[in-house]
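For reference, the chains in residue letters:
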Amino acid sequence: MTMHDVDRASTTVVQLTTVHPWDDVRVYHKVCLSLAECGWNVVLVATAGDGASEADVPVVEIAPSLGRLRRLGRLFGPQRAAWREIRRLNPALVHLHDPELLPLALLLKRRGHVVVYDAHEDIEKQIHAKDWIPGLLRRPMARTVGFVVRWIGRRLDHVFTATESIQDTFGTQTASVLHNYPSLREFSAPSAQRQPDLIVTYVGGLTEVRGVRDMIMAMDLVTNPDVRLVLAGRFSSPELEAGLRQLPGWDRTESVGWIGRSEITELLGRSMAGVVVLHPTPNHLESLPIKMFEYFAAGIPAIVSDFPHFRTLAGDNAVIVPAQDPQALADAIDWVVTHPDEVGAMGEAARERVVGELNWEAEAQRVDAVYLELLAN
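Residues numbered from 1 in each chain as written. Predicted model: local features only at pLDDT ≥ 70, side-chain atom pairs only at ≥ 80, totals over all residues. Heavy atoms only, no water.

Peer 1: Please clarify how the sheet that holds strand 9 (residues 228-232) should be interpreted in this entry.
Peer 2: To summarise the sheet geometry, strands pair through backbone hydrogen bonds and adopt either a parallel or an antiparallel arrangement. One open sheet holds the six strands; their spatial order is 10-9-8-11-12-13, and the pairing between them is parallel. If you trace the sheet from one side to the other, it starts and ends with strand 10 (253-255) and strand 13 (318-321), each paired once. On average, adjacent strands in this sheet sit at an angle of 25° to one another, irrespective of strand direction. With five bridges joining them, strand 8 (residues 199-203) and strand 9 adopt parallel strand pairing. Looking at strand 9, one finds that Y202 is bridged to L231. Relative to strand 9, helix 7 (residues 212-219) is tilted by about 160°, and along the sheet it contacts strand 8, strand 9, strand 10 and strand 11 (273-276). Its contacts with the sheet put helix 11 (residues 290-297) on strand 8, strand 11 and strand 12 (302-305), and the angle it makes with strand 11 is roughly 170°. (Pairing = 2+ DSSP bridges. Helix = DSSP H or I, 4+ residues; strand = E, 2+ residues; numbered from the N terminus. Axes fitted to C-alpha atoms, helices over the stretch in contact; angles between N-to-C directions. Contact = heavy atoms within 4.5 Å.)

This is the structure in structure tokens:
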């Protein structure tokens, strides 16, 4: 069989996750929808899938929910439920999105499925930043889990990785980079007459290591009293949220919680800049912060942590600040407010970069090509 002989419409490919919600940006909005547009018969097996209606989910079939699972349950409980779903669907290819599912991947390979693993994060570096794991256990646990993930990954048909540094850890010709760039379908070109509100925005999970405390503290130091910070995301714990609400900058902060994709684009469309002030953890230093590229896609510059990798990614489209420095962040926000022409030009240049090269549509063609090659062989 050749690549031209593969009939996408009659070939079932499953996207499987037990950790991410069904409407995860990378899993559903990017991989699933782009594959469906290419003509594949895509089925998504995910947690809380029963919360999706047909109106919410065009093109892609949502398989029955695997249910919501606690942290320890994610290691064991999902395997059996996922196995039952795969046996029922009998797909030609299974695309896994969680390291917890890698033991199942070997069983699926023995059953004759083509199996692809999508490494969203560097799991070894990620474990080092998990504060719920006792400090003395993090290093040995990280090494052990990292070894197992790489060992299994090298025995699968293909591994997609979110960054080049993750690809290097697998050290195999069957791994390729699938950048988590924004989709142009979500971000239309901003109007030339756009007049942003006096707000700076952060979109994403609200945790200490992602700089949420630094952002709120900076707002107490911003010179213009009318400028506000908008946080769009969920706090990692009620205790963290309660503590942050006691900070002096909270009265100039608006927390809108988790919002949908269309609401995110609307929010960014009226923002002056987006914020990405991650702490210098091993997992962050060489990451590909999707929120920064979403800011660029919306036509606004970013204020980002001063990591060498981020400087390279951002180019001239960001204001660089030291990590964990609320005063420096406040100064950057002041500069954005008082230099609207320069900020507008930065936003236009950032948007052009995304349209020209840093977009999901270009990455999606690679997924389609890999699927065709694997199934033809």
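Having seen it, we continue.
Peer 1: Got a minute to help me understand helix 14 (residues 340-356) in this structure?
Peer 2: Each turn of an α-helix holds 3.6 residues, which means side chains three or four residues apart point in the same direction. Over its 17 residues, helix 14 extends 24 Å from the first C-alpha to the last, a length consistent with the 24 Å expected when each residue adds 1.5 Å. If you check which residues of helix 14 are buried, you get V343, M346, G347, A350, R351 and V354. An end-on view of helix 14 places all buried positions within 135° of arc, on one side of the element. For helix 14, the exposed residues lying more than 90 degrees away from the buried face are D341, E348, E352 and G356. Contact partners of the buried residues in helix 14: helix 11, strand 13 and helix 13 (326-338). (Expected span 1.5 Å × (residues − 1). Buried < 20%, exposed > 50% of the residue type's maximum accessible area, 1.4 Å probe, protein only. Arc of directions from axis to C-beta.)

Peer 1: What should I look at first to understand the side chain of H284 in this one?
Peer 2: Secondary-structure assignment places H284 in helix 10 (residues 282-285). Contact partners of H284, with chain neighbours within four places excluded, come to V209, R210, L278, H279, F307 and F310.

Peer 1: Honestly, the packing of aromatic side chains in this entry has me stumped. Any pointers?
Peer 2: A ring pair, where both rings are aromatic, is described by two values, the distance of the centres and the angle of the planes. Overall, the coordinates contain seven aromatic pairs when judged by the stated rule. Centroid distance Y181 to F293: 5.3 Å. Interplanar angle 65°. Geometry classified as edge-to-face. With Y181 in the loop between strand 7 (175-177) and strand 8 and F293 in helix 11, the pair connects residues that are 112 residues apart, well separated along the chain. The two residues Y181 and F293 agree in class, both being buried. An aromatic cluster of three or more residues is present, and its members are Y181, F293 and F296. (Phe/Tyr/Trp six-rings, centres within 6.5 Å; stacked < 30°, edge-to-face > 60°.)

Peer 1: Would you explain the layout of surface pockets in this entry?
Peer 2: Empty space among the atoms becomes apparent when a probe as large as a water molecule is rolled across them. What the second largest pocket holds in volume is close to 480 Å³. In terms of lining residues, the second largest pocket is bounded by 21 residues, among which R194, P196, P340, V343 and G344 are the most central. Those elements that provide at least two residues to the lining of the second largest pocket are helix 13 and helix 14. Residue contributions to the lining of the second largest pocket peak at eight residues, all from helix 14. Its residues placed into classes, the lining of the second largest pocket shows ten nonpolar, six polar and five charged. (1 Å grid on protein atoms, 1.4 Å probe; cavity = no way out; pocket = protein on both sides within 12 Å on 5 of 7 lines; lining within 4 Å. Points joined across faces, edges and corners; volume = space filled by probe spheres on them. Nonpolar A, V, L, I, M, F, W, Y, C, P; charged D, E, K, R; others polar.)

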